[in-house]
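# Secondary and tertiary structure notes
Spelled out from the first residue to the last, the chains are:
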Amino acid sequence: MTGPSDSPVRLHVVTGKGGTGKTTVATAMALALAARGQRVLLAEVEGRQGLAQVLDVAPLGTEERTLVTDPSGGEVVGLSVDAKTALLEYLQKFYKLGRAGSILERVGAVDFATTIAPGVRDVLLIGRVYEAVGRVTKGAKKRPVFDSVVLDAPPTGRIGRFLNVNAEVSDVAKVGPVRNQADSITRLLQSPATAIHLVTLLEEMPVQETLDAIDELGTLSLRVGSVIANGVRQPILTHDDAAAVADQDPRVHEALEAALTAVGIKTGPALVGGLLQEGADHVERARLQAEQHAILQALDVPVHALPHLSDGVESGELGLLADVLAEQEGL
Ligand SMILES: Nc1ncnc2c1ncn2[C@@H]1O[C@H](COP(=O)(O)OP(=O)(O)O)[C@@H](O)[C@H]1O
Ligand SMILES: [Mg+2]
């Protein structure tokens, strides 16, 4: 396990195909970093309140709020980034438009943040995250307010556009503060301080999306920190047993019948046949999983595996995923 300062990464962007566990993994990653004593900002940008659900806390707001404190002194601070609030904060910071901001809001001018070009909206969202990464403490001895920031990002289908802020603003701002802001954000995203993590299940479709995302991010000079294989199921049969079950070896049939009889269960062809089918299905799933795992391991990117939690994530088992992530190098 590495300490708080061993990794150059300050911003972890967590993406993946929808439903593969982005929000769960982002939360577990924030907990793992906090367990190392880090002060971590955990942010979402789609207003889904997924983080609050995973952590079972009240909905997150546009103000940062401490969600979890770790005995090590680390903590997880939560934030739901909203484009309109981000714009008003931005105007306040750069133009000291405190009052003007509220006037703008009243006349409805900031509707542009939510209705105009989605690209501008993305820049506001990621800009708010950028601000948090770069924020330093007040006073003589400045140090980062957050040791790291974990972003529960949009899914892989949109991640390239979301992070490609330069292209997004090039239509609306060729020069000026917005352009400069976009350039600074891009510098951070392309630097070793940013790692993009791709969450996937070990199934054909999400793995293919992962491969596509790696290609797309590469063309944007964005670095993939790791692929996180989530929901990995432990094979329950040894190699030889699996082969015997898959081959419908008659000896398996006999052994199963004998075992059932030994514990007093009345067997019949339907029961034994059904169980053997279950077994064959399991072996096939394990084979497909191993096949997809091998595809990922052939990549030039670290692959971390997180177990499938059979009781679901809500039952306080999130810590289990955090423990596995805490052991990974490069986080
Ligand atoms: N390792 C896991 N084991 C069991 N269930 C999981 C695991 N990871 C995620 N889930 C469940 O899968 C569903 C989707 O997860 P979520 O994190 O919301 O995905 P996403 O943010 O990518 O849409 C949720 O119901 C979540 O509890
Ligand atoms: Mg989610």
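The model shown is predicted, which means the values in this text are computed figures rather than measured ones.

Moving on, we get to helix H14 (residues 318–326). Three or more residues of H14 are buried, namely Leu-318, Leu-321, Ala-322, Leu-325 and Ala-326. Along the axis of H14, the buried positions cluster into a sector of 140°, meaning they face one direction only. On its buried face, H14 is in contact with helix H1 (22–34), helix H2 (50–55), strand S7 (224–232) and strand S8 (303–307).

In the vicinity of ligand 1 there are 13 residues, among which Lys-22, Thr-23, Thr-24, Asn-230 and Leu-309 approach most closely. In this structure, an oxygen atom belonging to ligand 1 sits 3.0 Å away from a main-chain N or O atom of Gly-19. Within the backbone of Thr-20, a nitrogen or oxygen atom sits 3.4 Å from an oxygen atom of ligand 1. In the complex, 71% of the free accessible area of ligand 1, which totals 560 Å², lies under the protein chains. Elements supplying a minimum of two residues to the shell around ligand 1: H1 and S7. Among the elements that take part in the shell around ligand 1, H1 stands out by supplying three residues, more than any other. The class makeup of the residues in the shell around ligand 1 is three nonpolar, eight polar and two charged.

On to helix H11 (residues 239–246), then. Here H11 has its buried residues at Ala-242, Ala-244 and Val-245. Looking down the long axis of H11, one finds its buried residues gathered within 160° of arc, a one-sided arrangement. Among the exposed residues of H11, those oriented more than 90 degrees off its buried face are His-239 and Asp-240. Elements in contact with the buried residues of H11: helix H12 (250–262) and helix H13 (269–297). Once H11 finishes, Gln-248 follows within two positions and takes phi at roughly 55°, a positive value.

A separate point is the pairing of strand S2 (residues 39–44). The element S2 is extensively covered by neighbouring structure, given that five of its six residues are classed as buried. Note: S2 against strand S4 (residues 75–80), six bridges, orientation parallel. Its bridge partner lying in S4, Leu-42 is registered against Gly-78. By the bridge criterion, five bridges tie S2 to strand S5 (residues 148–152) in an arrangement that is parallel.

So, on to the sheet that holds S7. Read across the open sheet, the eight strands follow the order S3-S4-S2-S5-S1-S6-S7-S8; overall the sheet is mixed. The sheet terminates laterally at strand S3 (65–69) and S8, the two strands that pair on one side only. Across the sheet, the mean angle from the axis of one strand to that of its neighbour is 25°, orientation sign disregarded. Pairing between S7 and S8: four bridges, direction parallel. Residue pairing in the sheet places Val-232 in a bridge with Pro-307 of S8. Relative to the sheet, H14 contacts S7 and S8, its axis offset from that of S8 by approximately 160°.

Analysis parameters
Residues numbered from 1 in each chain as written. Chains lettered and ligands numbered in written order. Predicted model: local features only at pLDDT ≥ 70, side-chain atom pairs only at ≥ 80, totals over all residues. Heavy atoms only, no water. Buried < 20%, exposed > 50% of the residue type's maximum accessible area, 1.4 Å probe, protein only. Helix = DSSP H or I, 4+ residues; strand = E, 2+ residues; numbered from the N terminus. Arc of directions from axis to C-beta. Contact = heavy atoms within 4.5 Å. Near = heavy atom within 4 Å. Polar contact = N/O pair within 3.5 Å; in protein donor to acceptor, adjacent residues only side chain to side chain. Areas by Shrake-Rupley, 256 points an atom, 1.4 Å probe, with all protein chains shown as cover. Nonpolar A, V, L, I, M, F, W, Y, C, P; charged D, E, K, R; others polar. Pairing = 2+ DSSP bridges. Axes fitted to C-alpha atoms, helices over the stretch in contact; angles between N-to-C directions.

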